[in-house]
Protein chains: 2
Amino acid sequence: MSQKGNMLIAQSGGPSMVINQSLVGAVLAARSNRKVGKIYGALHGIQGILDEDFIDLRQETRKTLELVANTPSSALGSVRRKPTPEDCQAIFAVLKKLDIRYFFYIGGNDSAETAYIINEEAVKSEYGISCVHIPKTIDNDLRENDHTPGYGSAARFVACAVRGDDLDNRALGGVKIDVIMGRNAGFLTAAAALARVDEDDGPHLIYLPERPFSIDKFVRDVKAAMRKYGRCVVAVSEGIVDENGTPIVAKFTQETDSHGNVQLSGTGALGDLLAKVVKERANVKRVRADTFGYLQRSFPGIASETDALEARLVGVAAVQAAVEEDISRGSIVIRRKPTKKYGVTFEVVPLRMVARETRSMPKEFINRSGNNVTQAFIDYARPLVGALPLGARLEGMRKK
Amino acid sequence: MSQKGNMLIAQSGGPSMVINQSLVGAVLAARSNRKVGKIYGALHGIQGILDEDFIDLRQETRKTLELVANTPSSALGSVRRKPTPEDCQAIFAVLKKLDIRYFFYIGGNDSAETAYIINEEAVKSEYGISCVHIPKTIDNDLRENDHTPGYGSAARFVACAVRGDDLDNRALGGVKIDVIMGRNAGFLTAAAALARVDEDDGPHLIYLPERPFSIDKFVRDVKAAMRKYGRCVVAVSEGIVDENGTPIVAKFTQETDSHGNVQLSGTGALGDLLAKVVKERANVKRVRADTFGYLQRSFPGIASETDALEARLVGVAAVQAAVEEDISRGSIVIRRKPTKKYGVTFEVVPLRMVARETRSMPKEFINRSGNNVTQAFIDYARPLVGALPLGARLEGMRKK
């Protein structure tokens, strides 16, 4: 492709702590490339293209961009909207009118699908445009990627939160249930395991959407942990499903978005349900449930350094791919080097390899009983999250 | 008093991010004082005294103590138990047997009351003991104190969380409700206001337990904010009450502790209730509610530096007071210097001045409509919380 032209970039789906790193990485790379003319930032994803609602990203100072890069959430605004065929035609009218030749869409699998649809339309219309998807999802569920930008920071939040919560539970006892984001993939919930220092530290039980959730088994597990530890901390995914694949929380809420997804976050229903079950059936007096909610993707000041850097670099890689010959459409993916020391490379794969379908936790990351993760998962996740402020216990308490 | 003897220290009530600073401050001060013999750490507050369940705090290394000081939650374990007259007699038998002459109890108003009861028994029994309460509560509701150790760090968590959440809400829109801890005092909820940078930043509405909460007025307020900002972020205390003083959430939960307190935390009921009301009555499609829960008091690595330092110093001050003549019983309180530059002094007041009753937000900290805080509160709270990682928005977005 490699033609001169204008650029348009937008953000889509759930925000993350580092999605602005990718935006700023792409914008700064584009600003220093002679092939790129105007740089439009579309507000609220494709909605901003349809409404021709843009800001000029050449006007932002380097200082502002660096501050924004370190600010959570999507600086251009986001959207959860899948374009219809009519939307695509309207989008092309705008892209052509503005002579957009470089289009970047930052988001998860739904966003990759949107980029795929737009790209297909571009091919049909014989309109020359480089169309690159920049990966982002705290769920870590994009195919082809070793891991996704946004995951490491959200995982860091979860590990820190569960560490503090486990220390809190040590102080006051009983059962504590923490409900963690992740619609279909358990990666984020699994990160709770990184909170452990001592052998008897929580989380003592971890439930993932990859394994059918049985209330009876859950009650038995909690009882066993109470006998062993005298207390119990549970990390559970908001997306746990029963044997028929029905989300446990779906029995308590009906709202769906335009991608047909049930609302799992922004409600305490699942935690309250599980707490009630434990109180009644495991006969525990002090049971508490917290739903970590949107803090997992938006808490400022605690991003994983590795995650922030990689998020920046996928933005840069997207622009590099777009301006090169023959690699004009695709999704940037992160591969882990097979070296002992952690490192990654960035590649470009066809959009359809990342779009629509998601991936789940591999079997080797989940224990046989389906209520914990394996050492293989911990080895996988630790470098993504970085060193954690786990603190220490009194030596006298450890000997008790 | 100032006699030679052994020391006993314990922690009580809800943990905080810096309660171990007070423990370590007291232990290190005591270890360097010749009047203090053995240093017993009682496990889980008075429960550990009754059960004679101790660890030897002279055995801990300085390095471990410093690590523990920077670790959230109560390192000795905690308890929510008000001693009965029989408990007090049993406690004295243990204190006498161990020749305890210095007793320190770290906690909130319930803990000050416990220290008061034990001290009264000591006076009656003519048993010479220095009995000092060390303040701690994230609620910031202890009388006589300008503010309390634990508050600044919890307030910092709340301000950061609401900042991230407000940026998230800017990206995806709708109404976001954040439920924040604080049984009777709105200080912690009010700290959400520190998240604001721009004039149109959230939280747009703040509801405190100090003012009766009306569902009708709440719906009107949300509608008005939606008209003005096109979105709305609400910070609401878990302890909001109706005109009769009944907690709104009490209609949905019954559990109480031994101090007769209704369970407000560890449930998403209030947030879900308010979200339902907004959906139905303010006709907003996207409404989310998060309950910050125990993370507010236990999240590691983000304590306010000022709060951590002051928590350390109240521990030191308690030991200094205990070993001095004539100041052998009381509660350490924090006074703010009347200087322009922020600073504090520590004093000792009689235990009954801090025990049992709590304080609320002063009137001048709450706006007339009862749905926001004043600049006076922000000026009060900012130095306690420290500089926040508030980040920045794109200049182009600010002009929109």
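Structure: above.
The rules behind the values
- Residues numbered from 1 in each chain as written.
- Chains lettered and ligands numbered in written order.
- Predicted model: local features only at pLDDT ≥ 70, side-chain atom pairs only at ≥ 80, totals over all residues.
- Helix = DSSP H or I, 4+ residues; strand = E, 2+ residues; numbered from the N terminus.
- Contact = placed C-beta atoms within 7 Å.
- Axes fitted to C-alpha atoms, helices over the stretch in contact; angles between N-to-C directions.
- Left-handed = near helix turned anticlockwise from the far one by under 90°.
- Nonpolar A, V, L, I, M, F, W, Y, C, P; charged D, E, K, R; others polar.
- Pairing = 2+ DSSP bridges.
- Buried ≥ 20, exposed ≤ 12 C-beta atoms within 10 Å, placed from the backbone.
- Right-handed = clockwise from strand over helix to strand, strands pointing away.
- Least-squares fit on C-alpha atoms with pLDDT ≥ 70 in both.

*Asks:* Could you clarify how one ought to interpret the environment of B:Pro383 in this entry?
*Replies:* All names here are of chain B. Of note, Pro 383 is situated in helix 12 (residues 375–385). Taking the C-alpha atoms as reference, Pro 383 lies 9.3 Å from Gly 343; in sequence the two are 40 residues apart. Among residues more than four places away in sequence, those in contact with Pro 383 are Thr 306 and Tyr 342.

*Asks:* Where do I start with the packing of helix 1 (residues 19–31) of chain B against helix 11 (residues 305–323) of chain B in this structure?
*Replies:* Angle between the axes and distance between the axes: these two values describe a pair of packed helices. Residue and element names in this part refer to chain B. The contact between helix 1 and helix 11 brings their axes to 7 Å, and the two run at 40°. Crossing hand, helix 1 versus helix 11: right-handed. For the pair helix 1 and helix 11, the contacting residues are Ile 19, Gln 21, Ser 22, Leu 23, Val 24, Gly 25, Ala 26, Ala 29 and Ala 30 in the first and Ala 308, Ala 311, Arg 312, Leu 313, Val 314, Gly 315, Val 316, Ala 318, Val 319 and Gln 320 in the second. In terms of residue class, the contact of helix 1 with helix 11 is built from 13 nonpolar, 5 polar and 1 charged.

*Asks:* Mind showing me how you'd approach the interface of chain B and chain A here?
*Replies:* By a widely used convention, the size of an interface equals the accessible area lost when the partners come together. At the junction of the two partners, chain B supplies 55 residues and chain A supplies 56 residues. Of all the secondary structure elements, the ones that give two or more residues to the side of chain B that touches chain A are strand 3 (54–56), helix 3 (62–69), helix 6 (151–172), helix 9 (269–281), strand 9 (287–291), helix 10 (295–298) and helix 13 (395–398) of chain B. Ranked by residues supplied to the side of chain B that touches chain A, first place goes to helix 6 of chain B with 10 residues. By residue class, the composition of the side of chain B that touches chain A is 23 nonpolar, 21 polar and 11 charged.

*Asks:* I keep staring at the sheet that holds strand 6 (residues 174–180) of chain B and nothing clicks. Help me out?
*Replies:* Think of a sheet as strands paired side by side through backbone hydrogen bonds, with each pair either parallel or antiparallel. Residue and element names in this part refer to chain B. Taken in spatial order, the 4 strands line up as 7-8-6-9 in an open sheet, and their pairing is parallel. Edge positions in the sheet fall to strand 7 (205–207) and strand 9, since each of these pairs with one other strand and no more. For this sheet the average axis-to-axis angle between neighbouring strands, irrespective of direction, equals 15°. Contacts from helix 8 (residues 215–229) reach strand 6, strand 7 and strand 8 (231–237), with the element oriented near 145° to strand 8. Contacts from helix 9 reach strand 6, strand 8 and strand 9, with the element oriented near 165° to strand 9.

*Asks:* Mind showing me how you'd approach the pairing of strand 8 (residues 231–237) of chain A here?
*Replies:* Within a regular strand, the side chains alternate between the two sheet faces. Residues and elements named next belong to chain A. Within strand 8, 7 of the 7 residues are buried, which leaves it mostly tucked inside the rest of the structure. Of the two faces of strand 8, the one lined by Arg 231, Val 233, Ala 235 and Ser 237 and the one lined by Cys 232, Val 234 and Val 236 are each fully buried. Where strand 6 (residues 174–180) lies against strand 8, 7 bridges are found, and the strand directions are parallel. Within strand 8, the position partnered with Gly 174 by the bridge is Arg 231. In this structure, strand 7 (residues 205–207) lies alongside strand 8, joined through 3 bridges in parallel fashion. Each residue of the ladder has a partner; that of Tyr 207, found in strand 8, is Val 236. Regarding topology, helix 8 (residues 215–229) serves as the crossover connection from strand 7 to the parallel strand 8, and that connection is right-handed.

*Asks:* What am I meant to see in the relation of the copies chain B and chain A here?
*Replies:* The relation between the two copies of this chain is a rotation about an axis and a shift parallel to it. The transformation that overlays chain B on chain A combines an axial shift of 0.0 Å with a rotation of 180°, and the residual RMSD is 0.0 Å. On this basis, the relationship between the two copies can be described by a two-fold rotation axis. Within chain B, B:Gly268 has its C-alpha nearest the rotation axis, a separation of 2.1 Å. Comparing interface residues between copies, 100% of those in chain B also sit at the interface in chain A, which points to an isologous, same-surface contact.

*Asks:* How should unusual backbone geometry be read in this particular structure?
*Replies:* The general pattern is negative phi for most residues beyond glycine and trans for most peptide bonds. All names here are of chain A. In this structure, Pro 203 follows Gly 202 across a cis peptide bond, with omega equal to 5°. Positive phi is not limited to glycine here, since Ser 73 has a value of about 75°. Looking at the secondary structure, you find Ser 73 in the loop between helix 3 (62–69) and helix 4 (85–97).

*Asks:* Looking at this model, I keep getting lost on the sheet that holds strand 10 (residues 329–336) of chain A. Mind explaining?
*Replies:* All names here are of chain A. Reading across the sheet, the 7 strands line up as 3-2-1-4-5-10-11 and stay open at both edges, with mixed pairing between neighbours. Looking at strand neighbours, the two that pair on one side only are strand 3 (54–56) and strand 11 (344–349), the edges of this open sheet. Strand-to-strand twist in this sheet, taken as the mean axis angle between neighbours without regard to direction, amounts to 25°. Examined bridge by bridge, strand 10 and strand 11 share 6 bridges and lie antiparallel to one another. Bridge assignment links Ile 334 to a residue of strand 11, and that residue is Phe 346.

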